[in-house]
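Each chain, written out:
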Amino acid sequence: MPPAAAAPHSVPPAANGVAILIPPAPEHAPAPKSNETPPHIAHTRSMLPPAIPRTKTPGGKHDPFWLGHLLVTKGILSEGELNAAIREFRAHPADPFSSALVRLSICSQVEIAKYTAEYHGLPYVEIPHRYIPQALVRKMRQLRALHHIAVPYSEDGHALTIAVADPDKYTETEAARDFRKHTLTFVIAAKSDIEAAVNEAWAPTITATTPKQLLDELVAKAASEGVTDIHFNPMPTDALAIWRRIDGALHYYQGISGRDMKMGLIQAVKTIAGHMDIAETRLPQDGQAKYVSGATSFNLRIATFPTANGEKATIRIQNETRNLLSLSALGLEPDQETTLAERALKRDSLTLVAGPTGSGKTTLLFALLASSVRKDELVVTAEDPIEYSVPAYMQAEVNDRIGRTFPVLLRSFLRHNPNVILLGEMRDQETITIAIRASLTGHRVYSTVHASNAAGIPVRLTEEGITPDLITESVKTVVGTRLVRRLCTCSHPMEGEALEAQIRHYGPGEYREPWGCDLCQGRGFKGLTVLAEVFPLDDPETKNLIRRKAAKEELEKHLARFGPTMREIGLRKARLGITTAFEVVTALTD
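Residues numbered from 1 in each chain as written. Predicted model: local features only at pLDDT ≥ 70, side-chain atom pairs only at ≥ 80, totals over all residues. Heavy atoms only, no water.

Caption draft 1: Molecular detail of the sheet that holds strand β5 (residues 183-188). Reading across from one edge, β3-β4-β5 is the order of the 3 strands in this open sheet, with mixed pairing throughout. Every interior strand has two partners, whereas the edge strands, β3 (150-156) and β5, have only one. Going from strand to strand, the sheet's axes swing by 30° on average, the running direction of each strand aside. The pairing of strand β4 (residues 159-164) with β5 spans 6 bridges and is parallel. Looking at β5, one finds that T161 is bridged to T185. Sheet strands in contact with helix α9 (residues 191-201) are β3 and β4, and its direction is about 75° off that of β3. (Pairing = 2+ DSSP bridges. Helix = DSSP H or I, 4+ residues; strand = E, 2+ residues; numbered from the N terminus. Axes fitted to C-alpha atoms, helices over the stretch in contact; angles between N-to-C directions. Contact = heavy atoms within 4.5 Å.)

Caption draft 2: Spatial organisation of the pairing of strand β20 (residues 525-536). Burial analysis of β20 places 9 of its 12 residues in the buried class, which makes it a mostly covered element. Bridge count for strand β17 (residues 475-487) against β20 is 10 bridges, and the pairing is antiparallel. Looking at β20, one finds that L483 is bridged to V530. (Buried < 20%, exposed > 50% of the residue type's maximum accessible area, 1.4 Å probe, protein only.)

Caption draft 3: A look at the packing of helix α2 (residues 66-73) against helix α5 (residues 109-120). Look at α2 against α5: their axes get within 11 Å of each other, and the N-to-C directions meet at 95°. Our classification of the angle between α2 and α5 gives roughly perpendicular. Touching W66, L67, L70 and L71 of α2 are I112, Y115, T116, Y119 and H120, all from α5. When the residues that make up the contact of α2 with α5 are grouped by side-chain class, the tally is 7 nonpolar, 2 polar and no charged. (Parallel < 35°, antiparallel > 145°, perpendicular 65-115°, else oblique. Nonpolar A, V, L, I, M, F, W, Y, C, P; charged D, E, K, R; others polar.)

Caption draft 4: Spatial organisation of the side chain of D247. Looking at the secondary structure, you find D247 in the loop between β7 (239-246) and β8 (249-257). Among buried charged residues, D247 stands out as having no salt bridge; its nearest opposite-charge side chain is R523, 4.6 Å away. Each residue touching D247, except ones within four places of it in the same chain, is listed here: R485, F525, K526, G527 and L528. (Lys, Arg positive; Asp, Glu negative; His and termini not counted. Salt bridge = Lys/Arg side-chain N within 4 Å of Asp/Glu carboxyl O.)

This is the structure we're talking about:
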């Protein structure tokens, strides 16, 4: 068994002057060649006890909490701790049960891997840094490897050994589809070891020689690849971990080491914002800048804050010249478009959209305006920040530091007698009250509210001190929205146990799974689709529920009579192969 890997360190700067974060090679036998079998396997197999009989539930199904029950049997876990872990798992059902054990500090990932190996009767292996040849790791697409927590471990002719964290997640059937010409065997490794091996093998090549050049490279590449956020996360050592958000999901991109490069890159981020103080590292700062690539203009929103390991910086990239999508192109159902057209496009109406940050609220509102506003109508907007630049609209950006707040802008708008008012957010009682009055005096008003779903909007307004009578008089339509990733055209139909599990949980359908190609850069997803629920609030029974301040759960049950919920829409799209059920469940888990 190889010794534990040493702590990461940086190699001396290469010819281009940039040091890449690479841990040292461990002191053990060299990495296996393509025709060698690593010594770990035989060594571990000889010491492995017989496989434990796999436990089943009373109904004959595989026990999803087998690991917890195994730990109880071994005396490592009490029944009370097991119940706590099960509650933690049910609070985050998108994650495996083993993640709940890690979050509660019951087990480490290495311990979980060893118990998994014992349970399944498979060898456990460690994967030291840089141990697996890069070419071998790259035989499996990065996204697929990270999704299934699996990596090709060794190869000997047509014999391929695959390291997995959970053989129930990446099964022999799955592996046979990926490696059709190989004879396959499995070993168990820690989740962290597998993820590190995959990310190391797919790390990008750096050509920049200075922090400024590196930042220019990062921004240009991000803008061309549809990245919305670049995160510069300081590490305990003199290093930065760079992460990027694409289609709503964060992906590790690369690590940079060296104190000069670490500090220089953060300073370069501040410099492009213009007024940010590069010498101030103790306080949060924010700013913005423009970036132009050909005919495309991007707004860069920059923010920093101090951490225990140094300053963290984030660049949010917004394409100011992107085309507005139609409601149908976003993914709304025809009946939902009809509901919006009948109510949200009338005078004296207030339409509110709910959802967390990044759920597509503003995108949906601008799509609604694009499909409804006439050329002879005056549209004014107050936003923080301006996300879509539309020359025909009079757009104003909130700036709290100089007193240009939502209420100040809204009062000014009313003096110009606009037809349509869009508020980026209603975040306080004053703004909500003015917006309601505007809607009651002949204006079409659109805005967003931070609530979990459409039924939460009346509840949220009541909590802000708005009377139920005002809510029922003004709010005509409520919308809940989430964004989920759309499967790339390279996706494959689900088969075998995975398909059976989907049908068992969500009903028959043409379920597909992410694969990875050059178009989606190996992620398996390309673009986003909206999950929206659109409900009217103008029927007498709904108004009565709001007036007596009914609980959100009661409103949810009642409003579901008027159309599909976000969950129903999402699972319908999963059954059609547009997205995955996992994406839907994850997006809707509060």
